[in-house]
Amino acid sequence: MHVTYEDGTEAVQGVSLDVKEGEFFGFLGPNGAGKTTTIKTLVTLLYPTQGAVHINGYDTKTDPQAVRESIGYMAQETSIDFELTPRENLRVACRIYGVPKAQREERIEELLDLVDLQDVADKRAETFSGGMQKRLDTATVLVHRPPVVFLDEPTTGLDPEARLRVWNYFEKINEQGTTVFLTTQYLEEANELCDRLAILQDGQITHTGTPAALKSAVGTETVTLSLDKPTDETQRRALEAVRRLNALDAARIETTADGLVIDADNARAATSDLFTELAAADTAVDDFEIRSPTLDDVFLTVTGDDAVDEQRETAESTSSEVAQ
Ligand code: ADP
């Protein structure tokens, strides 16, 4: 689908997505990539300029009401009423979503339990922390038990502890069978929660896959070795030992001030062979570290350094806002 705003901004350019039932799907991208525009189009707040969107079998353009009734949508801005208590907020949501009266109270208790707000169920939400408000917000979009929920950057602005609790809750609803579509600018969040994810950049999907597949497609494992006695002689012997080692699929070997750095797809698997070979060459290792590729590496490769720096700055400025 394509989504072009009235001013001509082509925010989404040819995005094609197929999310499976029960999946936890992540939509990852730096600021301005088009994540919110996409999610708004999926939940019928915008319509594709070109192409079509089907949610739960309904076309968003021809059957928007059926789509809305079959989804939960948590926008970036909270939709809870701070004057009301969690129980009252959930009652309002039940009315809005048309939950049958006879089922409402039981449903509300269930959701309060799920999001751990039973203790404060009758306190006004205005005194709540950001994490509590987000949990309540998520509960309100679930009262009608939608098979799919859309969460737009649900943890932006939360402190790390609150973020973990919210993650836990998202995992629970997904385990209960709800399909989750989440947008995020946090790599760690995508890595932790998502079965599959798409990376969006400038309105286009550049990569789709499981976090593990994306990581292994992009980066290699890196071993950094420090030698016990780093002399020219021990370095030369270590280098020869590594070159001799058939078990290690080394793409790059570099000498450093006190040892070696080796890039190899199978570095972790070949570690014990590597140590045996180094010991046989009489080059004792003082310290070592193996680093697997991270989603940061994927991001760096996909979007270039600037996007990751910009994204880190955003994450940092968000947390400092919270701290103030
Ligand atoms: P993200 O959610 O990934 O940060 P957005 O979907 O908010 O990205 O924005 C994608 C692009 O569309 C950006 O260039 C943004 O400036 C632009 N954009 C967003 N909303 C509007 C709008 N209402 N009118 C015009 N351009 C917009």
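These figures come from a predicted structure and were not determined experimentally.

## Re helix α9 (residues 232-244)
Because each turn of an α-helix spans 3.6 residues, side chains separated by three or four positions in sequence point in the same direction.
Thought 1: The end-to-end C-alpha distance of α9 is 18 Å, a good match for the 18 Å that 13 residues give at a rise of 1.5 Å each.
Thought 2: Considered for burial, the residues of α9 that qualify are T234, Q235, A238, L239, A241 and V242. Within α9, the buried residues cover an arc of 160° as seen down the axis, which keeps them to one side. For α9, the exposed residues set more than 90 degrees away from the buried face come down to D232 and R243.
Thought 3: The inward-facing, buried residues of α9 abut β11 (221-227), β12 (250-255), β13 (259-264) and α10 (271-280).

## Some thoughts on unusual backbone geometry
If a residue is not glycine, its phi is most likely negative; likewise, a peptide bond is most likely trans.
Thought 1: Its identity as a non-glycine residue notwithstanding, N56 has a phi of 50°, on the positive side.
Thought 2: With respect to the element layout, N56 can be found in the loop between β4 (54-55) and β5 (58-59).
Thought 3: Not every positive phi belongs to a glycine, and D202 is a case in point at roughly 45°.
Thought 4: Position of D202 among the secondary structure elements: in the loop between β9 (196-201) and β10 (204-209).

## Overview of the site of the ligand
Thought 1: Surrounding the ligand, one finds Y5, D7, T9, A11, P30, N31, G32, A33, G34, K35, T36 and T37.
Thought 2: A distance of 3.4 Å separates a nitrogen atom of the ligand from a polar side-chain atom of Y5.
Thought 3: For the ligand, an oxygen atom lies 2.8 Å from a polar atom in the backbone of T36.
Thought 4: Bound to the protein, the ligand loses 62% of the 560 Å² it would expose on its own.
Thought 5: Per element, the largest residue contribution to the shell around the ligand is 3 residues, and it comes from helix α1 (residues 35-42).

## Quick notes on a negative patch on the surface
Thought 1: Together, D228, D258, D286, D287 and E289 make up a negatively charged patch on the protein surface.
Thought 2: Locating E289 in the fold gives a position in strand β14 (residues 285-291).

## Here's the deal with the sheet that holds β11
Working definition: the strands of a sheet are paired by backbone hydrogen bonds and lie parallel or antiparallel to each other.
Thought 1: Strand order across the open sheet formed by 4 strands is β12-β13-β11-β14, with antiparallel pairing between neighbours. Two strands in the sheet have a free side with no partner beyond their single neighbour: β12 and β14. Averaged over all adjacent pairs, the angle separating strand axes in this sheet is 15°, with direction ignored.
Thought 2: Where β11 lies against β13, 6 bridges are found, and the strand directions are antiparallel. Bridge pairing links T224 to V261 in β13.

## Considerations on the side chain of T138
Thought 1: Summarising the element assignment, T138 is placed in helix α5 (residues 130-140).
Thought 2: Residue class for T138 comes out buried when judged on its relative accessible area of 1%.
Thought 3: When residues no more than four places from it in sequence are discounted, the contact partners of T138 are M74, L151, Y169 and F170.

## Digging into the side chain of T37
Thought 1: Residue position: T37 is located in helix α1.
Thought 2: Exposure remark for T37: the relative accessible area of 8% places this residue in the buried category.
Thought 3: A polar side-chain atom of T37 sits 2.8 Å from a polar atom in the side chain of Y5.
Thought 4: Setting aside residues no more than four positions away along its own chain, T37 makes contact with V3, Y5, A11, V12 and L46.

## Observations concerning the pairing of β11
Thought 1: Across the 7 residues that make up β11, a large majority, 6, are buried.
Thought 2: Two strands pair when backbone bridges link them, and β11 and β14 are joined in this way by 6 bridges, in the antiparallel orientation. Each bridged residue has a counterpart across the sheet, and for L225 the counterpart in β14 is F288.

So, how was this worked out
Residues numbered from 1 in each chain as written. Predicted model: local features only at pLDDT ≥ 70, side-chain atom pairs only at ≥ 80, totals over all residues. Heavy atoms only, no water. Helix = DSSP H or I, 4+ residues; strand = E, 2+ residues; numbered from the N terminus. Expected span 1.5 Å × (residues − 1). Buried < 20%, exposed > 50% of the residue type's maximum accessible area, 1.4 Å probe, protein only. Arc of directions from axis to C-beta. Contact = heavy atoms within 4.5 Å. Near = heavy atom within 4 Å. Polar contact = N/O pair within 3.5 Å; in protein donor to acceptor, adjacent residues only side chain to side chain. Areas by Shrake-Rupley, 256 points an atom, 1.4 Å probe, with all protein chains shown as cover. Patch = residues over 30% accessible without salt bridge, like charges linked within 9 Å, V, L, I, M, F, W, Y side chains within 5 Å. Salt bridge = Lys/Arg side-chain N within 4 Å of Asp/Glu carboxyl O. Lys, Arg positive; Asp, Glu negative; His and termini not counted. Charge placed at Lys NZ, Arg CZ, Asp CG, Glu CD. Pairing = 2+ DSSP bridges. Axes fitted to C-alpha atoms, helices over the stretch in contact; angles between N-to-C directions.

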